[in-house]
Amino acid sequence: MAQIQRWRPSVTRSRGRVVAPDLTIVELPAPGGGEDVLITTAGQVVTGLANGDVVRLEDGRFRVLGNTGGRPLGIEELPDGTFLICDHDLGLVGFDPASGDTAVVVGDIAGEHLHFCSNAVVLADGTTYLSSSSPSASVDGYRDDAVAHVTRGGFYRLDPADNTVTVLRDDLAFANGVALAPDESFVLVAETLSYRISRYWLSGPRAGKWDYFVDGLPGFPDNISIGSDGLLWVSLPAPRQPVLDFLLPRNPLLRRALMLIPERLQPQPADVVWVQAYDLTGTLVHDYETKHRDFGFVTAVAERDGVVWLSALHNPNLAKFVVED
């Protein structure tokens, strides 16, 4: 059982105007949803499925590009058109969509297997920043980490010159989505269990320092991405749970008792379709929330030219909508 930590959640940010998007549902070619969704420079939609397949939407149909041999999570496109995939089982993987070939780029860090590699971004000089959510949880089993408020998520830098990996943090609260500022001045990482997005400065007087880009989010942030609109789009699979927020700063024995209750009897996350978008000062610009019988628990969001694509870890569909003017 995970070590239970006391933690006092930040006050929930004000949401402002909430818009219900008009969703279009796009069926995936196999069960087991896409954890992340990528819009390539050519405008094609790519995701990875639970069976290991990497698929691309072409002329209204998905084509299987290859299989990682694991469980693909975050997907990043490189300048040469190949992909960098965070694979839950294998680590950081290079993937060629033309041939389907894969190669492990980072499988171990400091002598430990890179478990639950979550998301990555690549700078113009080839430097890669990547996250791993937890050494103990899995993509299908993270309840104990959430209830215990485990802070063992990692954030790393991969040097392209010699492929050395530097551990920048190993104490994040379920490190998840990663996004790079357009001018490469900072990189962002979602801390799912702390309802915030942390910022690591890459240049300027604060280079090498950490702060919070947004804190007190009203839900659990998952994957994040910078859209063509210059906004940071944030997927929120579920809202914060009042019971958990109440228990987090109190005697850990209360949460230990909660962890012993069968999962089906515990408070369940709300069935919701929810994404937000922030400008680069951390100001909320868009707040889209709705419910749909064929889609929910959004784990990734990507925007291009006013069209927003959504993926969901356990859903056999993608969804899209058009940004309201």
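Treat the numbers as computed from the prediction; the structure is a model and nothing was measured.

## Examining the overall build of the protein
For step 1, the next point in the chain: Across its full length, the protein carries three helices and 26 strands.
For step 2, the next point in the chain: Taken against the 2.2 N^0.38 rule, which gives 20 Å for 325 residues, the C-alpha radius of gyration of the protein at 19 Å falls within 12% of a compact globule.
For step 3, the next point in the chain: Taken over the C-alpha atoms alone, the protein extends approximately 55 × 45 × 40 Å along its principal axes.
For step 4, the next point in the chain: For the protein, the residues scored as buried account for 55% of the 325 residues in total.
For step 5, the next point in the chain: Considering only contacts in the protein between residues 6 or more positions apart, those separated by 24 or more positions represent 52%.
For step 6, the next point in the chain: In the structure as shown, the protein presents an accessible area of about 13900 Å², 49% of it carried by carbon and sulfur atoms.
For step 7, the next point in the chain: Of the side-chain charges in the protein, 26 are positive and 42 negative, and the distance between the mean point of each set is 10 Å.

## Some words on the environment of Val187
For step 1, the next point in the chain: Residue placement: Val187 occurs in strand S17 (residues 186-191).
For step 2, the next point in the chain: The exposure class of Val187 is buried, given its relative accessible area of 0%.
For step 3, the next point in the chain: In this structure the C-alpha to C-alpha distance between Val187 and Glu289, which are 102 residues apart in sequence, comes to 26 Å.
For step 4, the next point in the chain: Once residues lying within four places of it in the same chain are set aside, the contact partners of Val187 are Val121, Tyr129, Phe155, Val178, Ala179, Leu180, Ser198, Arg199, Tyr200 and Leu202.

## Here we look at the UniProt feature "domain: Strictosidine synthase conserved region" (unreviewed entry) in the protein
For step 1, the next point in the chain: When the UniProt feature table is mapped to this numbering, "domain: Strictosidine synthase conserved region" (unreviewed entry) covers residues 125-204.
For step 2, the next point in the chain: What you have in residues 125-204 is 8% helix and 46% strand, and the ends, taken at the C-alpha atoms, are 17 Å apart.

## Section: the pattern of salt bridges
For step 1, the next point in the chain: By the definition in use, this model includes eleven salt bridges.
For step 2, the next point in the chain: Arg15 is the partner of Asp287 in a salt bridge, and the nearest nitrogen-oxygen pair spans 2.9 Å. With Asp287 in strand S23 (residues 284-290) and Arg15 in the segment before strand S1 (24-27), this residue pair connects regions lying 272 residues apart in the sequence.
For step 3, the next point in the chain: In this structure, Asp294 and Arg293 form a salt bridge, with 3.7 Å as the shortest nitrogen-oxygen distance.
For step 4, the next point in the chain: Overall, the relative accessible area of 36% leaves Asp294 in the partly exposed class.
For step 5, the next point in the chain: Residue classification places Arg293 among the exposed residues on the basis of a relative accessible area of 82%.

What counts and what doesn't
- Residues numbered from 1 in each chain as written.
- Predicted model: local features only at pLDDT ≥ 70, side-chain atom pairs only at ≥ 80, totals over all residues.
- Heavy atoms only, no water.
- Helix = DSSP H or I, 4+ residues; strand = E, 2+ residues; numbered from the N terminus.
- Rg over C-alpha atoms; globule rule 2.2 N^0.38 Å.
- Buried < 20%, exposed > 50% of the residue type's maximum accessible area, 1.4 Å probe, protein only.
- Contact = heavy atoms within 4.5 Å.
- Areas by Shrake-Rupley, 256 points an atom, 1.4 Å probe, with all protein chains shown as cover.
- Lys, Arg positive; Asp, Glu negative; His and termini not counted.
- Charge placed at Lys NZ, Arg CZ, Asp CG, Glu CD.
- UniProt positions renumbered as here; feature names shortened; annotations may be inferred.
- Salt bridge = Lys/Arg side-chain N within 4 Å of Asp/Glu carboxyl O.

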